[in-house]
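# A closer look at the structure
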Amino acid sequence: MRNFFTLDQVVVNEEVGVLTVSASQDSEHNPMLSLRREGSYIAISVSYGPLEVALRPRFSDVARVLGRLHPVGALQTTRQVGTGQAYLALGLREDQTLVVRPTIVADATGHFCFNLLITHEARKKLFDWLPVEVESEPSN
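So, a few notes on the structure that sits alongside this text. Remember, predicted model here, so these are calculated numbers, not experimental data.

How each quantity is defined
- Residues numbered from 1 in each chain as written.
- Predicted model: local features only at pLDDT ≥ 70, side-chain atom pairs only at ≥ 80, totals over all residues.
- Heavy atoms only, no water.
- Helix = DSSP H or I, 4+ residues; strand = E, 2+ residues; numbered from the N terminus.
- Rg over C-alpha atoms; globule rule 2.2 N^0.38 Å.
- Buried < 20%, exposed > 50% of the residue type's maximum accessible area, 1.4 Å probe, protein only.
- Arc of directions from axis to C-beta.
- Phe/Tyr/Trp six-rings, centres within 6.5 Å; stacked < 30°, edge-to-face > 60°.
- Lys NZ or Arg CZ within 6 Å of the ring centre and 35° of its normal.
- Salt bridge = Lys/Arg side-chain N within 4 Å of Asp/Glu carboxyl O.

Counting its secondary structure elements, the protein chain contains two helices and 11 strands. Each helix (α) and strand (β) of the protein chain, taken in turn from the N terminus, gives the series β-β-β-β-β-β-α-β-β-β-β-β-α. For 140 residues, the compact-globule estimate of 2.2 N^0.38 gives 14 Å, and the C-alpha radius of gyration of the protein chain, at 14 Å, lies within 12% of that figure. Principal-axis analysis of the C-alpha atoms gives the protein chain an extent of 45 × 40 × 30 Å.

Following this line, the structure appears as structure tokens:
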């Protein structure tokens, strides 16, 4: 089973252009997600104590996927950005919590992944900072 850690605090360092999402509750290893625009890419660093996963997907891909997310009941993540070897799996829960799973795949036998949840309030700040244009729900 997956164990998710909730991040609910957003800090923007305007001087270096980095947005960091972390947990307001004290944690032994202080998990955090940091993002910075680098031209047409976005540098993503996810750390937990001394462990780090770093990804650098195209900014336009990340913004497009985030804008198209809609809650899907039985699925934790519904979209991926990146390649088959390194990707950011994303999903949206019914309560508007963002599911973020940065993943590095070793080969067909395994992978390394962080399981994070970003609260609705922190997600709104992240979307404003990027910025992300949220598409409306498709009408049936």
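This brings us to helix H2 (residues 120–129). Taken together, the buried positions of H2 are Ala 122, Arg 123, Leu 126 and Phe 127. Buried residues of H2, viewed axially, fall in a sector of 140 degrees; they line one side.

Our focus in this paragraph is unusual backbone geometry. Omega for the bond connecting Leu 130 with Pro 131 falls within 30 degrees of zero, at -15 degrees, which places this linkage in the cis form. Note on placement: Pro 131 falls in the segment after H2. Of note, the phi angle at Gln 96 is positive, near 70 degrees, even though the residue is not glycine. Along the polypeptide, Gln 96 turns up in the loop between strand E8 (86–92) and strand E9 (98–107).

Bringing the packing of aromatic side chains into the picture now. Evaluated as defined, the whole model comprises one aromatic pair. Each ring, one from Phe 112 and one from Phe 114, has its centre 5.5 Å from the other, and the planes form 80 degrees; the classification is edge-to-face. Given the relative accessible area of 36%, Phe 112 is considered partly exposed. Residue classification places Phe 114 among the buried positions, given a relative accessible area of 8%. In this structure, Arg 93 is placed above the aromatic ring of Phe 4, and the distance from its NZ or CZ to the ring centre is 5.4 Å.

Considering all chains together, one arrives at four salt bridges under this definition. We note a salt bridge from Arg 64 to Asp 61, for which the minimum N-O separation is 2.8 Å. Of the two residues, Arg 64 and Asp 61 both sit in helix H1 (residues 59–67), three residues apart, roughly one turn of that helix. Under the relative-accessibility criterion, Asp 61 is labelled partly exposed at 24%. Notably, a salt bridge pairs Arg 68 with Glu 135, separated by 3.1 Å at the nearest N-O pair. Taken together, the positions of Arg 68 in the loop between H1 and strand E7 (79–82) and Glu 135 in the segment after H2 put the pair 67 residues apart, joining distant regions of the chain. In this structure Arg 68 comes out as partly exposed when scored by relative accessible area, which is 35%.

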